Amino acid sequence: MDAAVRELSYAQAIQEAMAIAMDMDERVFLMGEDIGVYGGAFQVTGDLVERYGADRVIDTPISELGGAGVAVGAAVTGMRPIFEFQFSDFATLGMEQIVNQAAKMRFMLGGEVSVPLVMRFPAGSGTGAAAQHSQSLEAWLGHVPGLKVIQPATPHDAKGMLLAAVADPDPVMIFEHKLLYKMKGHVPEGHYTVPIGKAEIRREGRDLTIVATSIMVQKALDAAAALEGEGIDIEVVDLRTIRPIDRQTVIDSVKKTSRLLCVYEAVKTLGIGAEVSAMVAESEAFDYLDAPIVRLGGAETPIPYNPDLEKATVPQVPGIIAAARDLVKGVR
Amino acid sequence: MTGARKAVIDSRANLPFVYRQYSPEQLRQVLHKMYLIRRFEEGAEECYTRGLIHGTMHLSIGQEASAMGICMPLAEDDQITSTHRGHGHCIAKGAEVSRMFAEFFGKTTGYCKGRGGSMHIADVAKGNLGANGIVAGGIPIAVGAALSSKMMKTGKVVVSFFGDGANNEGAFHEALNMAAVWKLPVIFVCENNGYGMSTSTARSTAVKNIAERAAAYSMPGVIVNGNIFSEVAEASFKAVERARAGEGPTLIESKTYRHRGHSKSDRNRYRTKEEIEDWMANRDPITLFENELRDFGFIDDKGIEAIRDAVAREIADGIEFAKASPAPEIATLENYVYTEHA
């Protein structure tokens, strides 16, 4: 197959990145629940245990707190663990080690250690798994200095950002939307990195900036394509990293388009949209705004089981289209 | 001393473990360090009272034999994780009191450059991965360090110190289980001083002895009198041997007592004056060890005096060093949050 058009799924891209990382560096190993012969709850680790052995693809007991702590301890003593939480919701069980230990250890010890730890969090709704297996908790961790928090939105970025995360000396939290795992896209062979802390303009436009994260990037692109016929020209910024956030790319885009719509799946209030909005309001881009900033986020509710209710909980393409149209036409 | 008794002592055959295992000079060094821990904490307490140190601190006065005994068989590159009551562990693992005082004073010359203080005191170069403000926070981290040792084949043993309060945290149970399943070179040391802050182990813990928890994770559970240096060192020695041989973890319960309150806010309303005085008068670990050393002829009064004087000088010098050291610049506030890229 032509290397330039080689396509992988998002899950395959992550798996390939982990294999490359393990090939390149014997300190890299995987830990998590049922990531061995089972292949991971979402088949992201797949058959890696057969290729790298159970000593490097370690099935942990169902002990998120202890497991996260073991990963922290291994990271500060010379290893480079990649720890998979089976569902991002289970981060709540490991929060002590993530927030109090991993994030702060370098700081508390005056720079005497680094914590080169990668944690992967399958996140988001849309699978019918209901309230405890569908959350988007990235903003919780994005609030913690010492952590880096990323949300790759494409297979290409899933691989490149994971390889950047493994090479990073600090703890990197990767939120992977579960509905993206089957998404296919171009993924180059071999080793490459996509920088942490750098947003990507997915589509250039003049009339409106949509800042989106994770699965909402594709939905924003779909909305933009639909509005093209109405003469509305939308710029889509894939934020990619929520800590450290790429302020400049967002501000420059808003200065160009004069309108901002934030789209994210996590609960709307106190979420990433609030941060992006405030960032723009505090910047020179404020003077360029021709309309109020609008946020589309998750409803103020746990994720429900019923599929229609579940869909209604998070932003969908028709809602993004309507909000974008209103903003550009000055209805807002 | 009768001739017969002298002969027995000289042969050391019937003496407790440490007198058979270590040289007189090493044992005198232990006494020196036990005094160093005691005087360091008394010095820190005094500086706190005089307003030279802010925040709070958790003193381990009365627990010195536990820290020294556990660390006695450890090599310099073996590692420990410690607790909020961690000054003794830090000194026992080889830290300098001057840099510890500097840390308590919030100075750049401190072990954590003034960012950690008492509760996060560490000395990574000597294998101390840090005290911890979260009860049981260091236990899984120690297991992770032991996993590194096993994966990198460094031969390092890791000790996790924690208190009785930690034995009711989930992290303790999860960590012990994983260490046992993976047969990791880690030693869990519960310094049971009788109280998790104000709540006694009798009121908080379903088992009589915390060492009994070991049975649930198929590892040896050993109870020692934490105020008798030799007993602690012997248990640690055996656990280290077992760990280095790849046979897995051990849980040691070191029963001890803190003379001071939980922290500086403690009014000691949960225990009696008589109880505290009994431990201080009759079971003080330094007095017990010093008397033994003297009885067995390993040191005389003059030698003890020399140690006390040397320690007093070290403490005074340490405090002076801390006072004279520079404070961090406000502009460096955000340093060390992330690894700096050159």
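Conventions we followed
Throughout, residues of each chain are indexed from 1 in the direction in which the sequence is written. Chain letters and ligand numbers both follow the written order, the letters beginning at A and the numbers at 1. In keeping with the model being predicted, local features are shown solely for residues with a pLDDT of at least 70 and side-chain atom pairs are shown and tallied solely at 80 or more, while totals for entire chains, interfaces and linings include all residues. For the side-chain quantities, the full set of heavy atoms in the structure was used; hydrogens and water were omitted. UniProt positions are given in the numbering used here, feature names are shortened, and annotations may be inferred rather than shown by experiment. Helix and strand labels come from DSSP, where a helix needs a run of H or I of at least four residues and a strand needs a run of E of at least two; each type is numbered from the N terminus. The span you would expect from a helix comes to 1.5 Å times its residue count less one. Throughout, exposure labels follow a simple rule: accessible area from a 1.4 Å probe, protein chains only, divided by the maximum for the residue type, with under 20% read as buried, over 50% as exposed, and the rest as partly exposed. Throughout, a residue-residue contact means that at least one pair of heavy atoms, one from each residue, lies within 4.5 Å. N or O atoms within 3.5 Å of each other form a polar contact, as long as, within protein, one can give a hydrogen and the other can take it, and as long as residues adjacent in sequence are counted only when both atoms are side-chain atoms. Aromatic rings from Phe, Tyr and Trp, taking only the six-membered ring of Trp, are treated as a pair when their centres fall within 6.5 Å; an angle between ring planes under 30 degrees marks them as stacked, one over 60 as edge-to-face, and anything in between as tilted. The rule for a charge over a ring is simple: NZ of Lys or CZ of Arg within 6 Å of the ring centre, and within 35 degrees of the ring normal. Buried residues of nine kinds, namely Ala, Val, Leu, Ile, Met, Phe, Trp, Tyr and Cys, make up a nonpolar core once their side-chain atoms join them within 4.5 Å. An automatic or database domain assignment supplies the start and end points of every domain. Fitting a line to C-alpha atoms yields each axis, with helices limited to the stretch in contact; the angle taken between N-to-C directions then spans 0 to 180 degrees. Note that the term roughly parallel is reserved for angles under 35 degrees, roughly antiparallel for angles over 145, roughly perpendicular for angles of 65 to 115, and oblique for everything else. Crossing chirality is assigned from the near helix's rotation relative to the far helix, an anticlockwise turn below a right angle marking it left-handed and a clockwise turn marking it right-handed. For this scheme, ten residues count as nonpolar: Ala, Val, Leu, Ile, Met, Phe, Trp, Tyr, Cys and Pro. Four count as charged, namely Asp, Glu, Lys and Arg, and the remainder, Gly too, count as polar.

Q: I tried to follow the UniProt feature "domain: Dehydrogenase E1 component" (unreviewed entry) in chain B on my own but got confused; where do I start?
A: Per the UniProt annotation, the sites labelled "domain: Dehydrogenase E1 component" (unreviewed entry) are residues 33–330 of chain B. Helix makes up 44% of residues 33–330 of chain B and strand 10%, with an end-to-end C-alpha separation of 36 Å.

Q: What exactly am I supposed to notice about helix 8 (residues 215–228) of chain A here?
A: Side chains that are three or four residues apart share a direction in an α-helix, a result of its 3.6 residues per turn. Residues and elements named next belong to chain A. Helix length check: helix 8, at 14 residues, gives a terminal C-alpha distance of 21 Å against a target of 20 Å (1.5 Å per residue), a fit within 8%. Those residues of helix 8 that sit buried are I215, M216, V217, K219, A220, L221, A223, A224 and L227. Residues of helix 8 that are buried make contact with strand 7 (172–177), strand 9 (200–203), strand 10 (208–212), strand 11 (234–238), strand 13 (260–267) and helix 12 (317–329).

Q: Got a minute to help me understand the side chain of D284 of chain B in this structure?
A: All names here are of chain B. With respect to the helices and strands, the residue D284 is situated in the loop between helix 11 (273–282) and helix 12 (285–295). Within the structure, D284 has its side chain in polar contact with the backbone nitrogen of I286 (distance 3.0 Å). Sequence-distant contacts of D284, that is, excluding residues within four places in its chain, are made with R38, H259 and W279.

Q: It is not clear to me how the packing of aromatic side chains should be interpreted in this structure. Could you clarify?
A: Describing an aromatic ring pair means giving the distance of the ring centres and the angle of the ring planes. By the definition in use, this model includes 17 aromatic pairs over all chains. With a centroid separation of 4.7 Å and an interplanar angle of 10 degrees, the aromatic rings of F121 of chain A and F175 of chain A are classed as stacked. Taken together, the positions of F121 of chain A in strand 5 (residues 118–123) and F175 of chain A in strand 7 put the pair 54 residues apart, joining distant regions of the chain. Take F121 of chain A: its relative accessible area is 0%, and that puts it in the buried class. Taking the relative accessible area as the measure of exposure, F175 of chain A reaches 1% and is therefore buried. Counting every residue linked through ring pairs, the aromatic cluster contains Y10, F42, F87, F90 and Y181 of chain A. The ring of Y336 of chain B has K113 of chain B lying over it, and the distance from NZ or CZ to the ring centre is 5.2 Å. The ring centre of W279 of chain B lies 3.9 Å from the NZ or CZ of R283 of chain B, which sits over that ring.

Q: Where do I start with the nonpolar core in this structure?
A: Across soluble globular proteins, you tend to see nonpolar side chains buried next to one another. Ranked by internal contacts, the top residues of the largest apolar core, which has 84 residues, are I98, M119, F121, L141 and M173 of chain A together with I139 and F188 of chain B. The element that contributes the greatest number of residues to this core is helix 3 (residues 64–76) of chain A, accounting for 8 residues. Formed jointly, this core draws a minimum of three residues from each of two domains, domain 1 (3–186) and domain 2 (200–329) of chain A. With residues up to four places along the chain from it excluded, the contact list for M173 of chain A reads I98, M119, F121, L141, L147, K148, V149 and I150 of chain A. With 67 residues, the next largest nonpolar core counts I91, A95, F101 and V232 of chain B among its residues.

Q: Honestly, the UniProt feature "domain: Transketolase-like pyrimidine-binding" (unreviewed entry) in chain A in this entry has me stumped. Any pointers?
A: In the numbering used here, UniProt assigns the feature "domain: Transketolase-like pyrimidine-binding" (unreviewed entry) to residues 8–183 of chain A. Counted over residues 8–183 of chain A, helix gives 38% and strand 17%. Its end C-alpha atoms are 8 Å apart.

Q: Which parts of the structure should I look at to understand the packing of helix 3 (residues 24–49) of chain B against helix 4 (residues 64–71) of chain B?
A: How two helices pack is summed up by the angle between their axes together with the distance between the axes. All names here are of chain B. The N-to-C vectors of helix 3 and helix 4 enclose an angle of 135 degrees; their axes lie 9 Å apart at closest approach. What the angle tells us is that helix 3 and helix 4 run oblique. When the axes of helix 3 and helix 4 are compared, the crossing they make is right-handed. Here V30, K33, M34, I37 and R38 of helix 3 come into contact with helix 4, specifically with E64, A65 and M68. Residues belonging to the contact of helix 3 with helix 4 are distributed by class as follows: 5 nonpolar, no polar and 3 charged.

Q: Quick question: what am I supposed to make of helix 13 (residues 301–324) of chain B here?
A: Residue and element names in this part refer to chain B. With 24 residues, helix 13 ought to run about 34 Å at 1.5 Å a step, and its terminal C-alpha atoms sit 35 Å apart, in line with that. Among the residues making up helix 13, those that are buried are I304, I307, V311, I315, G318, I319 and A322. Looking at the buried residues of helix 13, the elements they touch are helix 3, helix 6 (97–104) and helix 12.

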